[in-house]
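Chains, contacts and geometry: an overview
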Amino acid sequence: MSDVSPRFRFAPSPTGFFHVGGARTALFNWALARRLGGRFVLRIEDTDEARNRPEWTDGIIDALAWLGISADDPVFEGPHFQSDSAQSHLAAAERLVASGNAYYCAMTPEEITERAGAEGGTGYGGWSRDLGLGPGSGRVLRFRVPDGSTVVHDLVRGEVSFDNAVIEDFVLVRGNGSPVFNLANVVDDIEMGITHVVRAEEHLPNTPKQQMIWDALGHAPPVWGHVPVLVNEQRKKLSKRRDKVALEQYRDEGYLATAMVNYLMTLGWSAGDDREIRPWAEIESLFRLEDVNLSPAFFDIKKLAAFNGEYIRMMPIDEFVAECDRWVPADWDRERLAAIATHIQPRLVTFSDLPGIVDFLFGDVVTDDDSWSKTMSTEYARPLLESTIGQYSELGDWSADVLKSTLELVMEPFGVKLGKAQAPVRVAVTGRTVGPPLFESIEVLGREETLVRLGRALEQLAT
Ligand code: GLU
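Bear in mind that the values here come from a model prediction, so they are computed numbers and not experimental data.

1. Some details on the site of the ligand
Around the ligand sit Arg9, Ala11, Pro12, Ser13, Glu45, Phe181, Asn185, Arg199 and His203, and those are all the residues in its vicinity. Take Ala11: an N or O atom from its main chain is 2.7 Å from a nitrogen atom of the ligand. Considering the ligand on its own, with 300 Å² of exposed area, one finds that the protein chains cover 81% of that surface. Classifying every residue of the shell around the ligand gives three nonpolar, three polar and three charged.

This is the structure:
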């Protein structure tokens, strides 16, 4: 196989949204296909007709492109649609019948349960193996599982041995004539020349069956790599009911693709040093399946947020401002946005937080009762605001440094520290107790608006 350039594939079943686990699988395949000079084949496993919509495929392609897996890259091939290959799946099934590796079975599920119960077992006991049945309505086609064992060579898990005795003669084609996942998946992989199957661990139980099909169809199996499952805080497998698993949702909340990609690549893999944040080009040159570990990987949203913050801080300021632009209403003053941007960048976690952090600069200040009572009920609040207004009105230089040192002078007679002195000023000017650096915000807001807001707060305190 060494003279063949490697062909990887990503084979999602369209389900309406793109699972973060799928994103990681796609990225693992992409990294390998690129590093090894191979191909990344996208195959949409769309054979479950009841659950398919063309727009879901567009969603997959968009999500991949967002991750940097571009359909325009020469490494990318597809999309291929599994539903287009139904004839090949059935032709392969016929070859398996002809070679004696598959046989028809007319037993209904009820008959199987009854007979298994009577014989003290549970599964199907190969009872139709030697009946020589031909095809017929309602008859399933089963694989004749050979004796012995099946050894799967997995680059992540090493050698995994399965005792064939515990694998029943599984179904290849349903009674209605439609091919089953294991058959369709393998036949497509064979016909697409796939050399490496890198996918989620949950498919490991399918693998001995699939390897038997590869074998029976006269092909050496691919290199397997089953990557560990993603779990939540309770160490439970990520589920769409319980957890936030849709990649699109993170994208819409303003996570950067670069941060998401880097974070996903750390789930189950490390380059063997302490560095986790590194650019894609470096990840691509270092990623090896042999270094993927076996334990379930915790998809930690807090850590993802920390990565996002890191990536935001690494953005050149022009790029950061351009990104901010997309996240705030069109009628907000762009000059003002650019002016506050450098002060926001060090602390922003996701871009969807942005409007709520800086809105006080673009419209009337809205103060909630809680913030007000927490900061304005002190004895010094009123005289301090009064004195601040007095001093600020006289300032020639309206810059953050001067605004700060002026407040430091103002606060002295009240015997409070800067944090305490800032609080009523901040609530008066921004409406909130937390937010961007205060004096920089005041500088951007400008003298006139600041004084109006401070004055209004004072008036309110007086009533
Ligand atoms: N369509 C399968 C899934 O989405 C993937 C099969 C595979 O990767 O072999 O789980």
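Back to the write-up after that little detour.
2. Side note on the packing of helix 17 (residues 418–430) against helix 19 (residues 447–462)
One can describe the packing of helix 17 onto helix 19 by two numbers: an axis separation of 8 Å at closest approach and a directional angle of 110°. Taken together, the axes of helix 17 and helix 19 lie roughly perpendicular to each other. Crossing of helix 17 over helix 19 shows right-handed handedness. Contact with helix 17, carried on its side by Val425, Ala428 and Val429, involves Thr450, Arg453, Leu454 and Ala457 of helix 19 and no other residues of that element.

3. Brief notes about the packing of aromatic side chains
Applying the stated rule across the entire model yields 16 aromatic pairs. Taking 5.2 Å as the distance between ring centres and 15° as the angle between the ring planes, the aromatic pair formed by Phe143 and Phe170 counts as stacked. Taken as a pair, Phe143 in strand 5 (residues 140–143) and Phe170 in the loop between strand 7 (158–163) and strand 8 (171–173) lie far apart in primary sequence, 27 residues in all. Here the two residues Phe143 and Phe170 agree in accessibility, since each one is buried. Taking the centre distance of 4.4 Å and the plane angle of 0° together, the rings of Trp332 and Phe362 count as stacked. Placement of the pair is Trp332 in the loop between helix 11 (317–327) and helix 12 (334–344) and Phe362 in the loop between helix 13 (354–358) and helix 14 (369–376), with a sequence separation of 30 residues. Summarising the burial analysis for this pair, Trp332 and Phe362 share the class buried. Put simply, the rings of Phe10, Phe18, Trp30, Phe40 and Phe76 touch in pairs and so form one group of aromatic residues.

What counts, and where the lines are drawn
Residues numbered from 1 in each chain as written. Predicted model: local features only at pLDDT ≥ 70, side-chain atom pairs only at ≥ 80, totals over all residues. Heavy atoms only, no water. Near = heavy atom within 4 Å. Polar contact = N/O pair within 3.5 Å; in protein donor to acceptor, adjacent residues only side chain to side chain. Areas by Shrake-Rupley, 256 points an atom, 1.4 Å probe, with all protein chains shown as cover. Nonpolar A, V, L, I, M, F, W, Y, C, P; charged D, E, K, R; others polar. Axes fitted to C-alpha atoms, helices over the stretch in contact; angles between N-to-C directions. Helix = DSSP H or I, 4+ residues; strand = E, 2+ residues; numbered from the N terminus. Parallel < 35°, antiparallel > 145°, perpendicular 65-115°, else oblique. Left-handed = near helix turned anticlockwise from the far one by under 90°. Contact = heavy atoms within 4.5 Å. Phe/Tyr/Trp six-rings, centres within 6.5 Å; stacked < 30°, edge-to-face > 60°. Buried < 20%, exposed > 50% of the residue type's maximum accessible area, 1.4 Å probe, protein only.

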